[in-house]
Amino acid sequence: MDKILVTRPSVPSFEEYSEEIKRCFDIKWFTNMGEKHQILEDALKDFLKIPNITLFANGHLALENAIAELDLPKGSEVITTPFTFASTTHAIVRNGLVPVFCDIREDDYTIDASKIEALITPMTKAIVPVHVYGNICDDDAISAIAKKHNLKVIYDAAHAFGVEKNGVSVLLYGDASALSFHATKVFNTVEGGAICYKDSSREVRYNDMKNFGIHDEETVSFSGGNAKMNEFSAAMGICNLRHFNEECLKRKNVFEHYVKRLSDIDGIKILEIKSDTKSNYSYFPVVVDGVKFNRDNIKAKLHENNIESRKYFYPLTCDFDCYIGNSYKGSDNIPVARRISQNVLALPLYADLMLEDVDRICDLILAGGK
Ligand SMILES: *Cc1c(COP(=O)(O)O)cnc(C)c1O
């Protein structure tokens, strides 16, 4: 039997993609904000119902640049969570800023806003929350705190493509949100990312930031890096966007089959999608109790059966080799994040995963995960 991976990218047909890139060959324009780049930006604005988006070479550079654009004094503190992908914490540190770790909520693993204020000092300048697994952060509480203490808010929205609350895109929260279009994400441009934002006055600076700080032919305003999305990636995005809704429905179907099989099992907690939320069904993490079900045993059992799952997210970013010696503030007081990280396992989820395979995965978990 074929190996089942934890995720598999959604792809257009080879013919559809070839057709899309034909023009790039005809006019020999491969990068530097070409036609495909423009078409994708416009299409994404429409699709996501947001006023502004700036494409980047990948999600990490979108996030790193969104934070850099705030121009915070070096050494400023940024409140964030350690229950995330390496990119979130790295983006803060690589900007010369200091991460301060806040605990997460028990029910959806996003930042626990009720614990933010206790971490604020005169050095605190920003909050970087993460919409983990597409779960929506409590933006009302976060923005109220940010306003009260004059903090900036940049969301890591790498998991939140297409996610809406009460019909409004979550990409409109905060000062800006960073998306990832990596091949493993629900919408991909092979590698890619974007910054989404309400305030259109940021657009010029974001565009200059991804192109060496070059403002026009003779003006280089600052020492920017290179983070441009190329035409071949933009073309992949254009193709994938045509099929996103269809792919999302297929993922929903798989997601709901997992829910049917794994809800109301003593010792297993699954994600609940709230009634005000339009989900993108990006991940299916289960959190086990460690007694009736053991995470590492389940992972091993699945692996024996040619099924890959991921400890997503373990270890916590504050425990990475590169950070553990720093004893960043907050890292000794994140009991919920520690417990979830020890017991969480992301199960395979992608559009073409067969329901029979979901059944097989659930049977293995229920029978042998002890
Ligand atoms: C994928 C991801 C990123 C980084 O995106 P890339 O496009 O891979 O650079 C950042 N944050 C989170 C939470 C992610 O999952």
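From a predicted model like this one, the values you see are computed outputs, not experimental measurements.

Focus: the overall build of the protein chain
Each helix and strand in the protein chain was counted, giving 11 helices and 15 strands. Viewed in the frame of its principal axes, the protein chain has a C-alpha envelope of about 65 × 55 × 40 Å. Classification of the 370 residues of the protein chain by burial places 54% in the buried group. Of the contacts made within the protein chain by residues no fewer than 6 positions apart, 71% connect residues no fewer than 24 positions apart. Total accessible area on the protein chain stands at roughly 16300 Å², and carbon and sulfur atoms take up 52% of it. A gap of 3 Å separates the mean positions of the 43 positive and 53 negative side-chain charges of the protein chain.

Comments concerning helix 10 (residues 335-343)
For helix 10, the set of buried residues is V336, A337, I340, S341 and N343. In the core, the buried residues of helix 10 are packed alongside strand 14 (284-288), helix 8 (295-304) and strand 15 (344-347).

Considering the pairing of strand 3 (residues 98-101)
Here 4 bridges tie strand 2 (residues 77-80) to strand 3, and the two strands are oriented parallel to one another. The partner of E77 across the bridge, within strand 3, is V98. For the handedness criterion, the β-α-β arrangement of strand 2, helix 4 (residues 86-93) and strand 3 is classed as right-handed.

Here we look at the sheet that holds strand 14
Spatial strand order, 12-14-15: 3 strands in an open sheet with antiparallel pairing. Looking along the sheet, the strands with just one partner apiece sit at the ends: strand 12 (268-270) and strand 15. Each neighbouring strand pair of the sheet contributes to a mean axis angle of 30°, computed without reference to strand direction. With respect to the sheet, helix 8 is in contact with strand 14 and strand 15, its orientation differing from that of strand 15 by roughly 25°. In the packing of helix 10 onto the sheet, the strands contacted are strand 14 and strand 15, and the crossing angle to strand 15 comes to about 50°.

Quick notes on helix 7 (residues 231-262)
At F244, helix 7 is deflected by roughly 55°, the largest bend along its length. D264 lies just past helix 7 and shows a positive phi near 60°.

Digging into the environment of Y312
Here Y312 lies in the loop between helix 8 and helix 9 (321-324). Overall, Y312 belongs to the buried group, its relative accessible area being 6%. Taking C-alpha positions, Y312 is 25 Å from G237, a pair spaced 75 residues apart along the chain. Look past the residues within four positions of Y312 in its chain and what remains in contact with it is F83, Y133, H159, Y283, V344 and A346.

Here we look at a nonpolar patch on the surface
Side chains of F212, I214 and V220 sit close together on the surface and give an oily, nonpolar patch of about 250 Å² of accessible area. Relative to the elements of secondary structure, F212 occurs in the loop between helix 6 (203-209) and strand 10 (214-216). Taking the relative accessible area as the measure of exposure, F212 reaches 38% and is therefore partly exposed.

Re the sheet that holds strand 4 (residues 124-128)
If you trace the 7 strands from one edge of the open sheet to the other, you get 1-9-8-5-4-2-3, paired in mixed fashion. In the strand order of this sheet, the two ends are held by strand 1 (52-56) and strand 3, each with one partner. Put simply, the sheet's adjacent strands are angled 25° from each other on average, direction ignored. Where strand 2 lies against strand 4, 4 bridges are found, and the strand directions are parallel. Paired with E77 across the bridge in strand 4 is T124. Against the sheet, helix 4 makes contact with strand 2, strand 3, strand 4 and strand 5 (152-156), and its axis sits at roughly 135° relative to strand 3, the strand it touches most.

Some details on the packing of aromatic side chains
A full pass over the atoms with the stated rule returns 25 aromatic pairs. Ring centres of Y109 and Y133 lie 5.9 Å apart, and the angle between their planes is 85°; this geometry places the pair in the edge-to-face category. Of the two residues, Y109 sits in the loop between strand 3 and strand 4 while Y133 sits in the loop between strand 4 and helix 5 (139-149), which places them 24 residues apart along the sequence. This pair shows no difference in class: Y109 is buried, exactly as Y133 is. Both rings, one in F161 and one in F181, keep their centres 6.1 Å apart while their planes meet at 85°; by these two values the pair is edge-to-face. Of this pair, F161 sits in the loop between strand 5 and strand 6 (164-165) while F181 sits in the loop between strand 8 (176-180) and strand 9 (193-197), and the two are 20 residues apart along the sequence. For F161, a relative accessible area of 2% translates into the label buried.

What counts, and at which threshold
Residues numbered from 1 in each chain as written. Predicted model: local features only at pLDDT ≥ 70, side-chain atom pairs only at ≥ 80, totals over all residues. Heavy atoms only, no water. Helix = DSSP H or I, 4+ residues; strand = E, 2+ residues; numbered from the N terminus. Buried < 20%, exposed > 50% of the residue type's maximum accessible area, 1.4 Å probe, protein only. Contact = heavy atoms within 4.5 Å. Areas by Shrake-Rupley, 256 points an atom, 1.4 Å probe, with all protein chains shown as cover. Lys, Arg positive; Asp, Glu negative; His and termini not counted. Charge placed at Lys NZ, Arg CZ, Asp CG, Glu CD. Pairing = 2+ DSSP bridges. Right-handed = clockwise from strand over helix to strand, strands pointing away. Axes fitted to C-alpha atoms, helices over the stretch in contact; angles between N-to-C directions. Bend = angle between axes of the 7 residues up to and from the residue. Patch = residues over 30% accessible without salt bridge, like charges linked within 9 Å, V, L, I, M, F, W, Y side chains within 5 Å. Salt bridge = Lys/Arg side-chain N within 4 Å of Asp/Glu carboxyl O. Phe/Tyr/Trp six-rings, centres within 6.5 Å; stacked < 30°, edge-to-face > 60°.

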